[in-house]
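Structural characterization, general
Here is what each chain is made of, one letter per residue.
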Number of protein chains: 2
Amino acid sequence: MDFNNVINILKNKGYKLTNQRKIIIEALYFSNKPISMEEWLQYTKNKNPNINLSTIYRNIDVLEDLGLLSKIRPKDENVKYALNLSEKHSHFLICKGCGKAEEIECCLSKEFQKIIDDKEFDLIEHNLELYGYCKECHNKLKKS
Amino acid sequence: MDFNNVINILKNKGYKLTNQRKIIIEALYFSNKPISMEEWLQYTKNKNPNINLSTIYRNIDVLEDLGLLSKIRPKDENVKYALNLSEKHSHFLICKGCGKAEEIECCLSKEFQKIIDDKEFDLIEHNLELYGYCKECHNKLKKS
DNA sequence: ATAACTGCAAATCTTTTGCAATGAG
DNA sequence: CTCATTGCAAAAGATTTGCAGTTAT
């Protein structure tokens, strides 16, 4: 999905495209990894120093309403945000080294599914975050 | 693992067993579901009205140090806490109706594992939370 | 006895909100 | 023109911290 698609989804739902909103979405769109609120604010302030924190928070609501936002909540760090651009249900492989996150498609194992079925549990949604080191960071670590 | 085991783990690491700490741990131990900070404080205040919020927060650090704490962070609710009593890596099936959580053992699917291996991603840890309705809540919902 | 622990109050950090001004459609 | 959006400042909520007094070992 390219950037204009995102903007169209926004407009089709009746939201206005303000300069701030465009920058706020760009920040996520052009980052190759989920970003913290601090990084988000920094990016946007670079493009428009007047952008206010509360504007970002309000746009989080907008992006959630559009179903375009992924929130990632590592155990030991602040929440991070990313655009959710694939229609398929997916999860992130998150590198503990460089922070890069890659979306991968989800498949709960059959064994898992069986356990859940046996309990007659009606599964509605799930959240899976995978942490480790990407190939590049792994190689760097080995060298040092 | 029974309650005394938990206390022994605590003492073996050199922590003291104070009245407050005992109550704080009891609250988690005797709850059949992960509890919010609010519920946690309420339980402890019932047993000892002087217990302070910051004491609970400080004991979170202790329990984490002991590797006994699970934090569950639903998308739309506050963090919830539970004791992590099984040695095996496991995850929670969390009921959106009654809040009850059941630990289940984890098994990432082979397909999943293959995707990760193909990327040469060095997986260190993962976090999986499953939400839905338990049998009882599901039945109740159907009736109404 | 003494080091760990706690309560309290204040500090810090994150997120939300009311309101008046601004700007997109 | 009109209503959504924004900036600002203040509020609310969550978590942490310094300190002096208390308690388990």
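Residues numbered from 1 in each chain as written. Chains lettered and ligands numbered in written order. Predicted model: local features only at pLDDT ≥ 70, side-chain atom pairs only at ≥ 80, totals over all residues. Heavy atoms only, no water.

Stated formally: UniProt positions are given in the numbering used here, feature names are shortened, and annotations may be inferred rather than shown by experiment.
Going by an unreviewed UniProt entry, chain A carries the name Transcriptional repressor and comes from Vallitalea longa. Per UniProt, the comment on chain A under Sequence similarities (unreviewed entry) is "Belongs to the Fur family."

Description of the packing of aromatic side chains
Residue and element names in this part refer to chain B. Inclusion rule: Any Phe, Tyr or Trp ring, taking Trp's six-membered ring, that has another such ring centre within 6.5 Å forms a pair; planes under 30 degrees apart are called stacked, those over 60 apart edge-to-face, and the others tilted. In this text, helices come from DSSP runs of H or I with a minimum length of four residues, and strands from runs of E with a minimum of two, each type numbered from the N-terminal end. Think of it in three bands: residues with accessible area under 20% of the maximum for their type are buried, residues over 50% are exposed, and the middle band is partly exposed, with areas taken using a 1.4 Å probe on protein chains only.
All told, the structure shown has 8 aromatic pairs over all chains when counted by the stated rule. Ring centres of phenylalanine 3 and tyrosine 29 lie 5.3 Å apart, and the angle between their planes is 70°; on these two criteria the pair is classed as edge-to-face. Of this pair, phenylalanine 3 sits in helix 1 (residues 3–12) while tyrosine 29 is found in helix 2 (residues 19–29), placing the two residues 26 residues apart along the sequence. On the basis of relative accessible area, phenylalanine 3 is assigned to the buried category, the value being 12%.

Let's talk about the relation of the copies chain B and chain A
One copy of the chain maps onto the other through a rotation about an axis plus a displacement along that axis. For the record, the criterion: In this comparison the copies share one frame, found by least squares on the C-alpha atoms of residues holding pLDDT of at least 70 in both. Residue contacts are counted whenever heavy atoms from the two residues lie within 4.5 Å of one another.
Mapping chain B onto chain A calls for a rotation angle of 180° and an axial translation of 0.0 Å; the resulting RMSD is 0.1 Å. Taken together, these values place the two copies in the relation of a two-fold axis. A symmetric contact is evident, with 100% of the interface residues of chain B recurring at the interface of chain A.

Quick look at the protein's contact with DNA strand D
Under the convention used in this document: Being near a molecule or strand, for a residue, means having at least one of its heavy atoms within 4 Å of it. Pairs of N or O atoms within 3.5 Å make up the polar contacts considered here, provided that, within protein, one atom can donate a hydrogen while the other can accept it, and that residues adjacent in sequence are counted only when both atoms are side-chain atoms. Gly counts as polar in this scheme, as do all residues outside two lists: the nonpolar Ala, Val, Leu, Ile, Met, Phe, Trp, Tyr, Cys and Pro, and the charged Asp, Glu, Lys and Arg.
Around DNA strand D sit 21 residues, and of these Thr18, Gln20, Arg21 and Thr55 of chain A together with Tyr57 of chain B come closest. Expressed as a percentage, the sugar and phosphate content of the atoms of DNA strand D within 4 Å of the protein is 71%. Here asparagine 59 of chain A contributes a side-chain N or O atom positioned 3.4 Å from a phosphate oxygen of DNA strand D. Its residues assigned to classes, the surface near DNA strand D comprises 5 nonpolar, 10 polar and 6 charged.

Considerations on the protein's contact with DNA strand C
Residues in contact with DNA strand C amount to 20 residues; listed here are only the nearest, Tyr57 of chain A together with Thr18, Gln20, Arg21 and Thr55 of chain B. Of all atoms in DNA strand C that approach within 4 Å of the protein, 68% are sugar or phosphate atoms. Measuring from a sugar or linking oxygen of DNA strand C, one finds a side-chain N or O atom of glutamine 20 of chain B at 2.7 Å. Separating a phosphate oxygen of DNA strand C from a side-chain N or O atom of threonine 55 of chain B is a distance of 2.3 Å. Of all the elements in the fold, those that place two or more residues in the surface near DNA strand C are helix 4 (53–65) of chain A together with helix 2 and helix 4 (53–65) of chain B. Taken together, the residues that form the surface near DNA strand C break down as 5 nonpolar, 9 polar and 6 charged.

As for the packing of helix 2 of chain B against helix 3 (residues 37–47) of chain B
The relative placement of two packed helices is expressed as an angle between their axes plus a distance between the axes. Residues and elements named next belong to chain B. Basically, it comes down to this: Simply put, an axis is a line fit to the C-alpha atoms, just over the touching stretch for a helix, and the angle between two N-to-C directions goes from 0 to 180 degrees. Angles below 35 degrees are treated as roughly parallel, those above 145 as roughly antiparallel, those between 65 and 115 as roughly perpendicular, and all remaining angles as oblique. Throughout, a crossing is termed right-handed when the near helix is turned clockwise from the far one, and left-handed when it is turned anticlockwise from it by less than a right angle.
Two numbers describe how helix 2 lies on helix 3: the axes approach to 9 Å, and their chain directions differ by 125°. Between helix 2 and helix 3, the crossing angle belongs to the class labelled oblique. Here helix 2 runs over helix 3; the crossing is right-handed. Where helix 2 approaches helix 3, its residues Ile23, Ile24, Glu26, Ala27 and Leu28 are matched on the opposing element by Trp40, Tyr43, Thr44 and Lys47. Of the residues that constitute the contact of helix 2 with helix 3, the class distribution is 6 nonpolar, 1 polar and 2 charged.

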